[in-house]
Amino acid sequence: MSKLGNIGARLYRGEVGYDFIGKRKIWYGLSILITITALVGLAVRGLNMGIEFSGGAVFTTPQTSVSAPQAQHHAESAAAGHQAVVQKLGSGGLRIQISGLDTKQALPVQEELAKDLNIPVKDVNTQLVGPSWGEEIANKAWLGLGIFMVLVVLYLAIAFEWRMALAALIALIHDLTITVGVYALVGFEVTPGTVIGLLTILGYSLYDTVVVFDSLKEASKDLTKQTRFTYSEIANRSINSTLVRSINTTVVALLPVAGLLFVGGGFLGAGMLNDISLALFVGLAAGAYSSIFIATPLVADLKSREPQMKALAKRVKAKRAAAAAKDAGQDDAEDGQEPGPAEDGAAVVGPRHQPAARNRGRGRPSGKRR
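These notes cover the structure that comes with them. Computed from a predicted structure; not experimentally measured. (Residues numbered from 1 in each chain as written. Predicted model: local features only at pLDDT ≥ 70, side-chain atom pairs only at ≥ 80, totals over all residues. Heavy atoms only, no water.)

What follows concerns the sheet that holds strand 3 (residues 84-88). Taken in spatial order, the four strands line up as 3-4-2-5 in an open sheet, and their pairing is antiparallel. Each edge of the sheet is formed by a strand with only one pairing partner; in this case those strands are strand 3 and strand 5 (125-129). The mean angle between the axes of side-by-side strands here comes to 15°, regardless of whether they run parallel or antiparallel. As paired strands, strand 2 (residues 56-60) and strand 5 are joined by five bridges and run antiparallel to one another. (Pairing = 2+ DSSP bridges. Helix = DSSP H or I, 4+ residues; strand = E, 2+ residues; numbered from the N terminus. Axes fitted to C-alpha atoms, helices over the stretch in contact; angles between N-to-C directions.)

Turning to the pattern of salt bridges, a few remarks are in order. Within this structure, the stated rule accounts for nine salt bridges. In this structure, D123 engages K122 in a salt bridge whose closest nitrogen and oxygen atoms are separated by 3.4 Å. According to the relative accessible area criterion, D123 is partly exposed, its value standing at 33%. On the basis of relative accessible area, K122 is assigned to the exposed category, the value being 73%. The partner of R320 in a salt bridge is E233, with the nearest N and O atoms 2.8 Å apart. Within this pair, whereas R320 is found in helix 12 (residues 307-336), its partner E233 is found in helix 9 (residues 231-241), the two being separated by 87 residues in sequence. Using a relative accessible area of 40% as the deciding quantity, one classes R320 as partly exposed. Take E233: its relative accessible area is 27%, and that puts it in the partly exposed class. (Salt bridge = Lys/Arg side-chain N within 4 Å of Asp/Glu carboxyl O. Buried < 20%, exposed > 50% of the residue type's maximum accessible area, 1.4 Å probe, protein only.)

Take the layout of surface pockets next. For the largest pocket, the calculated volume is near 470 Å³. As for the largest pocket, its lining consists of 18 residues, and the residues nearest its centre are L47, W142, L145, V180 and L198. Put simply, the parts of the chain that give the lining of the largest pocket at least two residues each are helix 6 (131-159), helix 7 (162-186) and helix 8 (192-219). Top contributing element to the lining of the largest pocket by residue count: helix 7, with five residues. A breakdown of the residues in the lining of the largest pocket according to their chemical character gives 16 nonpolar, two polar and no charged. (1 Å grid on protein atoms, 1.4 Å probe; cavity = no way out; pocket = protein on both sides within 12 Å on 5 of 7 lines; lining within 4 Å. Points joined across faces, edges and corners; volume = space filled by probe spheres on them. Nonpolar A, V, L, I, M, F, W, Y, C, P; charged D, E, K, R; others polar.)

The end-to-end C-alpha distance of helix 7, which contains 25 residues, comes to 36 Å, matching closely the 36 Å that a straight helix rising 1.5 Å per residue would cover. Immediately downstream of helix 7, the backbone of G187 shows phi near 90°, a positive value. (Expected span 1.5 Å × (residues − 1).)

Attention shifts here to the side chain of D208. Relative to the helices and strands, D208 resides in helix 8. Lacking a salt bridge, the buried D208 has R245 as its closest oppositely charged neighbour, with an N-O distance of 7.1 Å. Filtering out sequence-adjacent residues up to four positions away, D208 remains in contact with S246, T249, T250, A288 and S291. (Lys, Arg positive; Asp, Glu negative; His and termini not counted. Contact = heavy atoms within 4.5 Å.)

Phi angles above zero are rare outside glycine, and N118 is one such case at about 60°. Tracing the sequence through the fold places N118 in the loop between helix 5 (103-116) and strand 5. Here the phi dihedral of D222 falls at roughly 55°; this positive angle occurs in a residue that is not glycine. Checked against the element boundaries, D222 lands in the loop between helix 8 and helix 9.

Shown next, in the form of structure tokens:
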């Protein structure tokens, strides 16, 4: 068995483990800090909405020797101050997006770009996108997200309990907030691919959370009938027993996404791959974190406030205190015993004193009468 497999087996059996629940305040504080950073970035920088949402024009050129920064300068000059986003395509051409252009403005910009890039006007492909279409996409995305959240809460409430449903919902909101905040800080363009990525990571995040919850549900059956473990300790054992599995599935999922993000998007200039892969990469990492450090500790906090779980914790604490006192008493008794002579009054082993034999044949010998 490999070293990692051996560690996983020991974690599953409860032979080793890390106190995730006991240090939950640290994880809560770290998550709050990350969330605040994401919200500040979102408020200060805002989202770089793609042309599909804001409306504008997309110009696609054939192969050219003009670099992307030079083309961006030409495009913003031709568009009279409108922001332009330029991407180098794999064929050597350029994809130039200029937000806020209408039909009347697009034709002069097309001609000016063809002149600056030394390309015939007919070879510059122009595509106009209206803002109403982007608004429709955004509304449908919000509607899909809301339906997904409602269905998740209902499923978890039925399959497990409402506390787990609430904890999973908080974890999902946590993952979405961090992912959107990273988009704002990095400045990546928000496109329909971003929306697809955001909806995809919800499933991955929920998968890790449900795995831990299922283990916790199985381990906490008839929990109040014993006095060995509290609910928080059972929750911590559940996290440890599924820890290696969560790490393995997350790493396996992150590797191809990292290939899309750093190789496909970074070196090949893959356009929309950047939008999808960044959402997936950040969301998968945040989902694995939240299922271990947020969702399960929240369930433990909520369950530990129940009267029966409080009573169980008191019984476990009392039993452990009694066992500790008993062990301490036995240790003191063993330390106080010293070898030495027998105490006064102790029985002495030796020959017993038997009573003197009575002379049963006492009397005079018989003789003749005279």
